[in-house]
Amino acid sequence: MPHKIGFVVVSSSGHEDGFSARELMIHAPTVSGWRSPRFCPFPQEIVLQTVERCRIRKLQLLVHQYMISSKIEFYVSESLPEYFVPYQAERFRRLGYVSLCDNEKTGCKARELKSVYVDAVGQFLKLIFHQNHVNKYNVYNQVALVAINIIGDPADFGDESNITSREKLVDHYLGHNPEDPALEGTYAGRSDYISPLDDLAFDMYQDPEVAQIIRRLDERKREAVQRERYDHAKKLKQAIADLQKVGERLGRYEVEKRCAVEKEDYDLAKEKKQQMAHYRAQVYEQLALHGLLQGESEVQRPLNLPLQPLAHASSPRCRKPVPSLPQPEDTVLENQLGEPLLPEQPVSYTLSPAPKCSAADQPPPAPGPALQSTAEALPYDERPLPAARKQPENALAEPEASEADASDARRGGLAGQPEALTEKALREASAAIDALGETLVAGAYSKTWSCREDALLALYRKLMEMPAGTPKEDAKNMLRASVFLIRRAIKDIVTSVFHACLKLLKMLLTQYIPKHKLGKLETAHCVERTLPSLLARTGDSSSRLRVAACNFIQEMALCKEVRALQLVPAYLVQPLKANCSAHLAMSQVDLLARLLRDLGTEGSGFTVDSVMKFAVRALEHRVYEVRETAVRVILDMYTRHQALVLEYLPPDDSGMRRNLLYKTIFEGFARIDGRPSHAEIRAQKRAATEEAEKQKKEEIKALQGQLAALKETQAVAEGNVSDTEKPRHQDSPGRKAAPPDVPDSHFLDNLCIFCGERSEAFTEEGLDLHYWKHCLMLTRCGHCRQVVEIASLTEHLLTECDSRDTFRRCYRCREAIPKEELPRHIQAKACSPAKSEKLANRCPLCHENFAPGEEAWKAHLMGPAGCTMNLRKTHVLSKAQAPPHGKGPTAARSGLKASSKIPTPKGGLSKSSSRTYCRR
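Residues numbered from 1 in each chain as written. Predicted model: local features only at pLDDT ≥ 70, side-chain atom pairs only at ≥ 80, totals over all residues. Heavy atoms only, no water.

The name recorded for the protein chain in an unreviewed UniProt entry is Centrosomal protein of 104 kDa, from Cavia porcellus. Listed under Function (unreviewed entry) in UniProt, the entry text for the protein chain is "Required for ciliogenesis and for structural integrity at the ciliary tip." Quoted straight from UniProt, the Subunit (unreviewed entry) entry for the protein chain says "Interacts with CCP110 and CEP97. Interacts with ARMC9, TOGARAM1, CCDC66 and CSPP1." (UniProt positions renumbered as here; feature names shortened; annotations may be inferred.)

Next comes the structure, spelled out in structure tokens:
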């Protein structure tokens, strides 16, 4: 089991006079710790050596309230490096670092207790302190460390795989799982359990002498449990809880005595010394009375014990002599009276927070009158460690309460009645006092958390017992007074008080208001007065309080009385503030996403406009979780309102897709619509391009074959002619006939390369006129007046036209639609879906799909059964659509598409790569 490891300070880079690093070897309420020299260079470092080689599990650092380092790094080593031992070359191994808060929120009046969980084996630990946080108190730019605690196991015994203890065997045969969450935090449930008595907060609160007694009693309690003496273990547990309060009180007395000595107020110092001696004697007498000591005379303890270096009680190497506690005889009855052992006296003075004496930088907080330990309410890591406080010079000695008063303290720290209300509280809560009574309001205002909890529970019972026939005016006054106390309790840091106020508020909304028929006005009053405070608690540093607040807000919003008012959604869609905490922003966005899924946007208070504006702003938040949740909100809204959501987002183009968030959003839209994603579309286009190239190569190969066959036929014909003429040339057998030239050089003259029509009228001017008015394969753009191919009209409108910014592509039909008509076009769903280019062509005139391929365009646009929306189609379609060479136009067109350099006719029209034609 991990425990506290003792250590010594090997070296430090420097220190201020009176604040040596060796102060870190002592844990007590009066220690001042280490401080760096004034105006020191950074980084500063400290090297610690543990009493034995160990496996470090946890490090705890108690940082100064204003001399705060911005970052502390941790290094571990098995032995000293070479600059300490010249013949050894081993270096420190870096474990990591922790960043420290600048403490501005507390006004530099509280200290941060930082716990770091590690798993490293070694005997030397090095801490490196970086540049300090700047504040008005740290005038010399120093860094300081009040205390450090090392928790771990001896490395020689750290491997538990070969140890089969009796407890492990019993757990194995009983089927107990050590990782069972029901056993988490208990001694028997986890092998890595760390005792609260080894925590740094325990030693920094406790009087050192009482702390040793508590540790002895804890050992005896474990022995009693092993021997199954459960009544005795229960009594020891109660004694430990009471002694923790005693140790905190004695520690505070010691701090006050030191402060008095620093100020040379020796009368007050003497008074505190006598007060400590009297209280300590009273404690030992009670311990002896209950059989925990054989007698007070056997415990010889000086009033001022010298502080010992840190050592774990179970480690024989570092054990130091401590005041011994005689073991009780076995004849001591285990069923003695269960009354409290130690009387607690109420504190009659307050401590002011202006530290002046350096020796008392860290006193423990003043203990309340409770008999149960505050450690049972809060984990040790979460206990506040306030900065040094001094007692006013005119403070009176604390009166001692009688034992009879202490016997009244039974539940959760409630000792007697709550303190009286101050004048300010009386003025502030006058209306609540009139409705509920001063006693109940005083309990809600009490400084004792159990009094506050009891007051809220008493108010809950009082409102539940009110009869249904109560006059409405009285019921309304009771309700408003309760809401006033709930608002105050929502801000309480104690978990049980917070849960009590949530229970009361839920009862008011779901039972009290309907029972007394108070109506929507009072429901709205409850929600409007409490919801802002509840939303603020969703940003709390405690995860339990954050979750409780978020769950309650969701439950409240779904309540039928509150849902009809539509108040909660209006708060959640408010823009996130730039300076709000990360927890608050994450909770607000998460709540909006959950309620949007539960309530929808129809009559719930959520509108498309408000939600989308909030979500788009949240996409720019600095916290990743907020941005991720905002993406989920947008996708959820798109499933309900596709066209409206698109209005709040930028266009889906390659520039916006460089932003990972918008890429995720647009691909989410595609999944919702059942469309292929951008990556899938690129893959399809790549496959279609490869298929088209393959088809082109096949067409070219076929044309080349036809041309070769034509040349062969021509050669055969010429051979026959030469055979008939051979007798006439027998005189000159050495002469050979030269092959005639193939008349291909003028093939493109008088030919339209688009529709394949040949005419003697197709001169340079005639082709211009034909392209401009009559060619069935071309059309004029209605926006820029350029002549373009009908097959490429959609791409022209989206990429080349002067008005291309006013068009967007429909994801269903893949055609160019005016931007202002696109939402209506998509919502109507009147267009027929387009198929891929491999399966079909898409006509932008008649909006129909037809067979794929280049020849299919000619048949569709020029044939009698083709496109019905081609305005250039004439009534006479009997003209020949191909030149005398048969497939000449097709070959020419295919050759044009396959080549990188496009030939142009004499008419002066040029064909660009995107098939756009301009009149000269």
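**Q** How should I be thinking about the pattern of salt bridges in this particular structure?
**A** Proximity of charged atoms lets side chains of opposite charge pair with each other. Applying the stated criterion across every chain yields a total of 30 salt bridges. Among the salt bridges present, the one from arginine 94 reaches glutamate 73, with a minimum N-O distance of 2.7 Å. One end of the pair, arginine 94, is in strand E6 (residues 93–99); the other, glutamate 73, is in strand E5 (residues 71–77), with 21 residues separating them in the sequence. Of the residues examined, arginine 94 reaches a relative accessible area of 42% and is grouped as partly exposed. For glutamate 73, a relative accessible area of 9% corresponds to the buried category. Among the salt bridges present, the one from lysine 476 reaches glutamate 473, with a minimum N-O distance of 4.0 Å. Remark: glutamate 473 and lysine 476 occur in helix H11 (residues 472–490); sequence separation between them is three residues, near one turn of the helix. Residue classification places lysine 476 among the partly exposed residues on the basis of a relative accessible area of 26%. The network of salt bridges with shared partners includes Arg55, Arg57, Asp119 and Asp153. (Salt bridge = Lys/Arg side-chain N within 4 Å of Asp/Glu carboxyl O. Helix = DSSP H or I, 4+ residues; strand = E, 2+ residues; numbered from the N terminus. Buried < 20%, exposed > 50% of the residue type's maximum accessible area, 1.4 Å probe, protein only.)

**Q** I'm lost on the state of the cysteines in this one. Help?
**A** Structurally, a disulfide amounts to a covalent bond that connects the sulfur atoms of two cysteines. Under the criterion given, the structure shown has zero disulfides. Considering cysteine sulfurs only, cysteine 813 is the nearest to cysteine 831, which forms no disulfide, with 3.9 Å between them. (Disulfide = S-S within 2.5 Å.)

**Q** Explain the packing of aromatic side chains here, please?
**A** Each aromatic ring pair is characterised by the separation of its centres together with the angle its planes make. Counted under the stated rule, the structure contains nine aromatic pairs. Where tryptophan 34 meets phenylalanine 129, the ring centres are 5.0 Å apart and the plane angle is 40 degrees; that geometry is what we call tilted. Taken together, the residues tryptophan 34 in strand E3 (residues 34–35) and phenylalanine 129 in strand E8 (residues 113–129) connect sequence positions 95 residues apart. Neither tryptophan 34 nor phenylalanine 129 differs from the other in exposure class; each is buried. Taking 6.5 Å as the distance between ring centres and 75 degrees as the angle between the ring planes, the aromatic pair formed by tyrosine 253 and tyrosine 279 counts as edge-to-face. With tyrosine 253 in helix H4 (residues 230–262) and tyrosine 279 in helix H5 (residues 266–289), the pair connects residues that are 26 residues apart, well separated along the chain. Residue tyrosine 279 is classed as buried on the basis of its relative accessible area of 1%. Just above the ring of tyrosine 75 sits the side chain of lysine 126; from NZ or CZ to the centre is 5.1 Å. (Phe/Tyr/Trp six-rings, centres within 6.5 Å; stacked < 30°, edge-to-face > 60°. Lys NZ or Arg CZ within 6 Å of the ring centre and 35° of its normal.)

**Q** Please clarify how the packing of helix H13 (residues 520–537) against helix H14 (residues 543–558) should be interpreted in this entry.
**A** A packed helix pair is summarised by two numbers, namely the angle formed by the two axes and the spacing between the axes. Taken N-terminus to C-terminus, the directions of H13 and H14 make an angle of 145 degrees; their axes are 9 Å apart at the nearest point. For the pair H13 and H14, the crossing hand works out as left-handed. Across the interface between the two elements, Val527, Leu531, Leu534, Leu535 and Arg537 from H13 touch Leu545, Arg546, Ala549, Phe552, Ile553 and Met556 from H14. Here the residues of the contact of H13 with H14 sort into nine nonpolar, no polar and two charged. (Axes fitted to C-alpha atoms, helices over the stretch in contact; angles between N-to-C directions. Left-handed = near helix turned anticlockwise from the far one by under 90°. Contact = heavy atoms within 4.5 Å. Nonpolar A, V, L, I, M, F, W, Y, C, P; charged D, E, K, R; others polar.)

**Q** Just to check I follow, could you spell out the environment of leucine 100 for this structure?
**A** With respect to the helices, strands and loops of the structure, leucine 100 is situated in the loop between E6 and strand E7 (110–111). A residue is classified by how much of its surface remains accessible, and leucine 100, at 6% relative accessible area, is buried. Residues leucine 100 and serine 69, 31 residues apart in the sequence, show an inter-C-alpha distance of 6.7 Å. What leucine 100 contacts, discounting residues up to four positions off in sequence, is Val63, Ile68, Ser69, Ser70, Ile72, Glu112, Lys114 and His133.

**Q** Looking at this structure, how should I read a negative patch on the surface?
**A** Taken together, the side chains of Glu691, Glu698, Glu699 and Glu855 define an acidic patch exposed on the protein surface. Per-element tally for the negative patch: the top contributor is helix H22 (residues 678–725), with three residues. Here glutamate 699 lies in helix H22. (Patch = residues over 30% accessible without salt bridge, like charges linked within 9 Å, V, L, I, M, F, W, Y side chains within 5 Å. Areas by Shrake-Rupley, 256 points an atom, 1.4 Å probe, with all protein chains shown as cover. Lys, Arg positive; Asp, Glu negative; His and termini not counted. Charge placed at Lys NZ, Arg CZ, Asp CG, Glu CD.)

**Q** So what exactly am I meant to see when it comes to unusual backbone geometry here?
**A** Look at the link from phenylalanine 42 to proline 43: it is a cis peptide, with omega at 5 degrees. Residue placement: proline 43 occurs in the loop between E3 and strand E4 (44–63). The phi dihedral of arginine 785 falls on the positive side, at around 65 degrees, and the residue is not glycine. For arginine 785, the position within the fold is in the loop between strand E11 (778–780) and strand E12 (787–789).

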